[in-house]
Structure formats: C-alpha cells, structure tokens
Amino acid sequence: MANIRDYLKRKEKKQEDSFGKKILRHRLTILYRTILVIAVIAAAAAVVIVQMRNRVFGEYQIMSSVPRENITGTVTVALGENILVYGNDGASCINRRGEALWNQTFEIQNPIVSICRNVVALGDYNGRTIYIMDTEKTIGEIDTKMPIRNFAVSANGVVAAVLDDTADVTWIYLFDSAGNTLVYFKTTMKDSGYPLCVTISENGNLAGVSYLYMDNGMMRSSVAFYNFGPVGQNEIDNFVSSYDYMDTVVPFVKFLGNEKAVAVADNRLVFYEGGQKPVSIADILLDRQMEGVYYGNGYVGLVYNDVTGTALYKVDIYNESGKLEDTIMLESQFTDILFHKDKVIVYNEQECLVHTIGGMDNFKGKFDKQTLTLIPEDASYQYIAVTPDSIDTIELK
C-alpha cells in the first residue's frame, strides 16, 4: 500500500514538474519574442535616426513670408524664437509675423548686449543704465551709478556687472531685474587683478569672472567663481573656487547652462563643471591664434585660419566636457555660427551650411535673398530667415 502511495506521489510530482516546465517555457518564449520585437523596433528607429541625420538637401522652400521695415544702422539677432533689432537709438522685438512686441528707446554709443534664452540686457560701455527685456515686454531698468565695463544676464533677468570706480578699484555687482542690488564686492589690481569678462549661469546662482594682473613682473590670469546661493553665503564675497594661468590672457568666460562653463585664453581652452563650486574638468593647450569663439546648445566652436590652403577657416567643435566632437572646413566668410540640437549652422548673407556634428553636410547652398539673420525652428530643417524687407519661414527640401 505504501509503495502505491509513493508511486502516486512521484507521478503527481512529475506531472507538476512537467506543468511547471511548460509554464516556464511559455513565459520564456513570450520574453524572447518581446525582446526580439523591441530589438527590431530599436534597430528600425536607429536606421531612421541615421537616415534623418544623413539626409542631404539640395534646395529650400519658402513656406511663408511677411514684410518688414529695415532700419539703417541697426543689428538684427535672435531673441528666443523672436527677432531683436537694436541700434544706438533704441531696440525693438518682433515676432515671425512681423508684429512688434515692444519698443525701447535709449541713446547709446558703444552697445553691450547680453542674451540668455528669452532675456536680453542692453547697455552702453561707460554708461550707467542697463535695460532688461524678454520676448514679451521690458522687464526693468538698472541704474548702476558707476561706469559700466561689462555685464551678463541670466535667464531670470539677474545681471552681473563689472563697474569702474577709480584707477585701481572696480566693483562686481549683482542686480535683480527690477534694479535692486543683491550682492556687491570690490576688486583691486593688487589683490585680484582687473576683471576682463563676467558671466552668469542661466539660473543666476553662479557668476564667473576672468581677472588679469601682474605677478612679480609676469602676466597672470585667474578665473574665479562666485556662488550667490546658500553655499556661497558662508564664503567671503561669495567666492567658491578659482584657477590661475600664468603668462596668458583669458578674455572669454561663458556659462553653458547652470553647471558647465568654458574659458578661452590665447593659448588654452578650459572647461569647468559644478553647480555649487565649479572645478576644472578639461584643460586643452592651443598652439594657434584663434579668430573667433562661438557657443550654444552645449557646444563650443573655435575658429582658426586654415593653414593647409584647402579652405579659408577651420572650426574645431567641442562638447561641454571638453571632447573634440568634429572639425569642419569653411570656404567662405561667415556672419554667424549657430548650434541647434545636433547641428552646426554657418551662414552669411548669401550662403548657408548645415552640418550634423560628428556626421556629414546636410545642406550647402545659396540664399535667394540677402539674409541678415537665421533662426533655427524646433521642427527639423526649418528656419526663420530675416532679410532687409521680409521675414521668411524656410524649409530645406
């Protein structure tokens, strides 16, 4: 009797094991099929992405066009998705339909302009007023009370300004968009050097200043960072980090967002990282004189004269971590170099080059009209082309 019970138990267990194995095989089959479907979809998506990146266009089409009035002696640049026009007598902002969003009158001789996303600050070198506007309205007006030497604006309208005092003293001021003083501190040639350039993070929490001074007869530069949040409140003059560079000049410092910054000297390119106390993450020595620096969307482009004789200019493109992503050769003079998504766009009044960074040329052609400013749209391969008498929406075909 016991043997029969044991036999039945063993048989029941075998049946259970067999049933469990069938369930396991069924589940594994479903899993394998799911993985296969995902892999096929991912491969198809990768193919589509590569095809989109490598699309080559031979012409463009004007999708829409509205007239505009061209004012002699003005500069036209992008302000967000809109158009900023400024000159010595004032500034205005218009949308792509040619509608005026605001007008601001002033009198300036040597304009200083700082743009961060949808916010612009305008002032006059040696003047005492900074005007702050966004794409919708005039936000505020700052009375600096001392001569302006340089300034930078954040995306929320906070302005970091270098103000002159005496031959040996300059001041770094932080103003809000209403003109209220948030923080200020004194700099001297003896202690810190002369501030050549100032930059501010998009959120207004960090500022960077490039100083130049003499150290025992040797020229020396310093890039210093200041934190205006809780971390910096515990530090003297909100100072949180600094890096010195011997026998060099650093005329260019720029935040690339909130936590990344770049400094360009006459012999080096330096990248910094950190939302509280920025640290140097890449220091690249340069052996040639640069002709220009362009930045945007996490990229920095250094322009050199081409010495090979095959082109007019060479442009080295770095990402925000200091890695060289691409090099392009330019055969013509250019008005501007833009970075949008994974593209670099180079144009002048007659010609345009659209190139995928790390990839190939997508478009290389001529404009039908004289183009003053080119503004990339969110839609791929669509642009706003501002001409002397029209605002055109164009699409590459």
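Structure report, in brief. (Residues numbered from 1 in each chain as written. Predicted model: local features only at pLDDT ≥ 70, side-chain atom pairs only at ≥ 80, totals over all residues. Heavy atoms only, no water.)

1. Structural notes on the packing of aromatic side chains
Right, on to step 1. Counted by the stated rule, this structure contains 17 aromatic pairs.
Right, on to step 2. Residues phenylalanine 225 and tyrosine 272 carry aromatic rings whose centres are separated by 5.0 Å and whose planes lie at 65 degrees to one another, so their mutual orientation is edge-to-face. Of this pair, phenylalanine 225 sits in strand S16 (residues 218–227) while tyrosine 272 sits in strand S20 (residues 268–273); the two residues are 47 residues apart in sequence, bridging distant segments of the chain.
Right, on to step 3. Look at phenylalanine 225 and you get buried, because its relative accessible area is 0%.
Right, on to step 4. Chaining the aromatic ring pairs together yields one cluster made of Trp171, Tyr173, Phe175 and Tyr184. (Phe/Tyr/Trp six-rings, centres within 6.5 Å; stacked < 30°, edge-to-face > 60°. Helix = DSSP H or I, 4+ residues; strand = E, 2+ residues; numbered from the N terminus. Buried < 20%, exposed > 50% of the residue type's maximum accessible area, 1.4 Å probe, protein only.)

2. What to know about the sheet that holds strand S7 (residues 119–124)
Picture the strands of a sheet paired through backbone hydrogen bonds; they go either parallel or antiparallel.
Right, on to step 1. Within the open sheet, the four strands sit side by side as S6-S7-S8-S9. Their pairing is antiparallel. On the outer flanks of this sheet lie strand S6 (111–116) and strand S9 (138–143), each paired with one strand and no other. Taking each pair of neighbouring strands and ignoring which way they run, the sheet shows an average axis angle of 15 degrees.
Right, on to step 2. Where strand S8 (residues 129–134) lies against S9, five bridges are found, and the strand directions are antiparallel. By the bridge assignment, threonine 129 is partnered in S9 with aspartate 143. (Pairing = 2+ DSSP bridges. Axes fitted to C-alpha atoms, helices over the stretch in contact; angles between N-to-C directions.)

3. Remarks on the nonpolar core
Right, on to step 1. Formed by 18 residues in total, the largest nonpolar core has its most connected members in Ile130, Phe151, Val159, Ala161 and Leu163.
Right, on to step 2. For this core, the secondary-structure elements that each account for two or more residues are S6, S7, S8, strand S10 (148–153), strand S11 (159–164) and strand S12 (169–175).
Right, on to step 3. Among the elements that make up this core, the one with the highest residue count is S12 (four residues).
Right, on to step 4. With sequence-adjacent residues up to four places away left out, leucine 163 is seen in contact with Thr144, Met146, Pro147, Ile148, Thr170, Trp171, Tyr173 and Phe175. (Core = buried A, V, L, I, M, F, W, Y, C linked by side-chain atoms within 4.5 Å. Contact = heavy atoms within 4.5 Å.)

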